[in-house]
Structures are given as C-alpha cells and as structure tokens.
Amino acid sequence: MGYIRTKGIVIKEVNTGEADKVVTIFSAHSGKITGYAKGARRPKSRLAAGTQFLCYSDLVLFKGKELCNIYSSDVIDSFYELREDIVKLTYSAHMVDLISDVVMENQPASKVLQLFLNTLHVLAKTDRSPELVTRVFELRLLSLLGYAPYVRGCIQCGKSELEDTYFSFKKCGFLCEECLINDTYASKISKGTAKAMNFIIHAPLRLLFNFALSKEALEELGKIVKKYLRERLDKDYTKLDFLKCL
Ligand SMILES: [Zn+2]
C-alpha cells in the first residue's frame, strides 16, 4: 500500500461514524485529497488538532481504494485566530469556496496553495482589513488561473499614461477615454484603484499585502473584482452575504 507524505490544509471536515471524520485537504503533493481520519473526534486522538477546518499540517496518508487514510498530522499552523472571529471565519470560508472550485484532485497547485497560506496568515495574524485582504486574494487567484486582466495601460491602443482609466469586462483590461467607444459596460475607475490592481497582479508574493487603499478605492475595487470573478468563474459566491446580517 502506498503512502503520501505532504503538507496540506483542511478545507472541509465532515463528521462520520462514532468518532471519525472525513476531511478534504488542499495538499502540496497532489491538490485536493479526501482523507479519512479514524477516531479524530476523540479528544485524545493524535489526529484531533490537525484535522480541524483550516489547520495546516505535515501529513502522512495511506492510499486506500477510494479515500486516503490519515495516519498522522503534525500541526504547522492551526490558524485558530480565524475560527475564533466570525468575520475572519466568514471571509476564510468564502476563499475556501473559491479554492474548492479551482483546485482539482491529483493536480498540484503550489502557487495557489502559497497564495492561500499567505492570505490566511495576513488575515489571522494582522489587523489588515479582511475585505481588502480578500479582494487581493481574489484578483491574484484569477491571475494565477490565467485570467489576469491587462492593467499596464490601454488594452486597445497600448497607451500607458492614462488620464482617465476605464475597466473593460469585455476586453479584460483597462481602456483609455478614446478607446471607450463601443464598450458601454466599461466602468470608470480612480487612479488609486488602477494602481492597486496593477500592484495586486504584478507584485512579488511577499509584498502582496503591503499597501493601503482608501475606503472609496476599496469599494470600487470590490465592485470590479466581484463582477470580474463572477464572469470568469461563472458562479455567484454568496458566503460573504452573511456579513450583512451581523
Ligand atoms: Zn486606448
């Protein structure tokens, strides 16, 4: 029987049997893995900590016929801060929804995993705005998936210094005022939002969250990214609606 040694983060946990769990892991080794954690709900189980939602661990799994059996999990970061804060937990759950849709089984997605872990780290350990952190994650994720919009200038005429900038959903990039004709769906965006989008798409990962944005620009960025996300992934993600009820 083969075994897998990998780092991975739990993106779903379902209780089963008397004290067991079935968990979905986003692993470095092979993308999404479904793992059976026998006895993990017993308080003294050596799998209790490492099989919680959003826990990042060093794992050893044995390949079964359909599922993998989790043999051991050594916690690297439990991200407990995210489970103790309903707002942060809601944003995390939204990001997990995206991850679940774009990461496949048996397909390593190391850049997506690195982005996800960095994002959770900033969300858990800093007081950066969860909304900004999430928008950065969404746009960068789309870029990693090959959907980076063109934001270095006008996508139509190539001009790089734009007086007024418009975002074209049709052309997937910025438009200048002259090229705006024939695209009634393009949205005008402020210089701050345009600069932020350029940064999010091109900055090195370690610097990705090192910028601030005004409330107005964040709102504008949110509208653009949400619509772009919906169009590219062809789905409405609704977890964040819950925040309106708080
Ligand atoms: Zn142009």
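Residues numbered from 1 in each chain as written. Predicted model: local features only at pLDDT ≥ 70, side-chain atom pairs only at ≥ 80, totals over all residues. Heavy atoms only, no water.

Peer 1: What is the right way to look at the overall build of the chain in this model?
Peer 2: Regarding its fold elements, the chain presents 6 helices and 8 strands. Its C-alpha atoms give the chain principal-axis dimensions of roughly 65 × 35 × 30 Å. Sorting the 246 residues of the chain into buried and exposed places 48% on the buried side. Of the contacts formed within the chain by residues at least 6 apart in sequence, a portion of 58% connects residues at least 24 apart. Positive and negative charge centroids in the chain, built from 36 and 29 side chains respectively, lie 5 Å apart. (Helix = DSSP H or I, 4+ residues; strand = E, 2+ residues; numbered from the N terminus. Buried < 20%, exposed > 50% of the residue type's maximum accessible area, 1.4 Å probe, protein only. Contact = heavy atoms within 4.5 Å. Lys, Arg positive; Asp, Glu negative; His and termini not counted. Charge placed at Lys NZ, Arg CZ, Asp CG, Glu CD.)

Peer 1: I tried to follow the sheet that holds strand E6 (residues 165-168) on my own but got confused; where do I start?
Peer 2: Sheet strands pair by backbone hydrogen bonding; their relative direction is either parallel or antiparallel. Across the sheet, which stays open at both edges, the 3 strands sit in the order E7-E6-E8 with antiparallel pairing between neighbours. Each edge of the open sheet carries a strand with a single partner, namely strand E7 (173-175) and strand E8 (187-189). Sheet twist, expressed as the mean angle between neighbouring strand axes with direction ignored, is 45 degrees. Examined bridge by bridge, E6 and E7 share 3 bridges and lie antiparallel to one another. By the bridge assignment for E7, Phe167 is matched with Phe174. Contacting E6, E7 and E8, helix H5 (residues 191-202) runs over the sheet at an angle of about 90 degrees to E8. Sitting on the sheet, helix H6 (residues 215-233) touches E6 and E8, and the angle it makes with E8 is about 140 degrees. (Pairing = 2+ DSSP bridges. Axes fitted to C-alpha atoms, helices over the stretch in contact; angles between N-to-C directions.)

Peer 1: Mind showing me how you'd approach the pattern of salt bridges here?
Peer 2: When their charged atoms lie close together, side chains carrying opposite charge are able to pair. On inspection of all chains with the given rule, the structure shows 12 salt bridges. The partner of Asp58 in a salt bridge is Lys7, with the nearest N and O atoms 3.9 Å apart. Placement of Asp58 in strand E4 (residues 56-63) and of Lys7 in strand E1 (residues 3-16) is noted, with a sequence separation of 51 residues between them. A relative accessible area of 32% means that Asp58 is categorised as partly exposed. On the accessibility criterion, Lys7 (37% relative accessible area) is partly exposed. Residue Lys38 pairs with Asp20 through a salt bridge whose shortest N-O separation is 3.9 Å. (Salt bridge = Lys/Arg side-chain N within 4 Å of Asp/Glu carboxyl O.)

Peer 1: What is the right way to look at the domain arrangement of the chain in this model?
Peer 2: The parts lose accessible area when they come together, and the size of an interface is often stated as this lost area. Segmenting the chain into domains produces domain 1 (3-78) and domain 2 (86-245). Each of domain 1 and domain 2 has a C-alpha centre, and these two points are 31 Å apart. Taken together, the contact between domain 1 and domain 2 spans 14 residues of the former and 18 residues of the latter. Between domain 1 and domain 2 lies a buried interface of about 1,300 Å² when both sides are counted; carbon and sulfur atoms form 73% of it. Between the two partners, domain 1 and domain 2, sit 1 salt bridge. Lys125 is the partner of Asp77 in a salt bridge, and the nearest nitrogen-oxygen pair spans 3.1 Å. Linking domain 1 with domain 2 are 5 residue pairs in polar contact (both at pLDDT 80 or more), by the criterion used here. (Domains from an automatic or database assignment. Buried area = accessible area lost by both parts, 1.4 Å probe. Polar contact = N/O pair within 3.5 Å; in protein donor to acceptor, adjacent residues only side chain to side chain.)

Peer 1: I keep staring at the nonpolar core and nothing clicks. Help me out?
Peer 2: Most often, soluble globular proteins have nonpolar side chains that are buried together. Ranked by internal contacts, the top residues of the largest apolar core, which has 62 residues, are Ile9, Phe26, Phe116 and Met197. Sorting the residues of this core by element identifies E1, helix H2 (86-102), helix H3 (110-125), helix H4 (130-147), E6, E7, H5 and H6 as the ones contributing at least two each. Per element, the largest residue contribution to this core is 9 residues, and it comes from H3. Counting residues domain by domain, this core receives three or more from each of domain 1 (3-78) and domain 2 (86-245). Beyond its immediate stretch of four places on either side in the chain, Ile9 contacts Thr24, Ile25, Phe26, Leu54, Cys55, Tyr56, Phe79, Leu113, Phe116, Leu117 and Leu120. Among the nonpolar cores identified, the runner-up in size contains 12 residues, and Ile4, Val23, Ala40 and Ile70 belong to it. (Core = buried A, V, L, I, M, F, W, Y, C linked by side-chain atoms within 4.5 Å.)

Peer 1: I would appreciate a short explanation of the packing of H3 against H4 in the present structure.
Peer 2: Helices that pack against each other are described as a pair by the angle of their axes relative to one another and the distance between those axes. Packing of H3 against H4 leaves a shortest axis separation of 10 Å and a crossing angle of 175 degrees. Comparing the axis directions of H3 and H4 gives the class roughly antiparallel. Residues Lys111, Val112, Leu115, Phe116, Thr119, Val122 and Leu123 of H3 pack against Pro130, Val133, Phe137, Arg140, Leu141 and Leu144 of H4. For the contact of H3 with H4, a count of residues per class yields 10 nonpolar, 1 polar and 2 charged. (Parallel < 35°, antiparallel > 145°, perpendicular 65-115°, else oblique. Nonpolar A, V, L, I, M, F, W, Y, C, P; charged D, E, K, R; others polar.)

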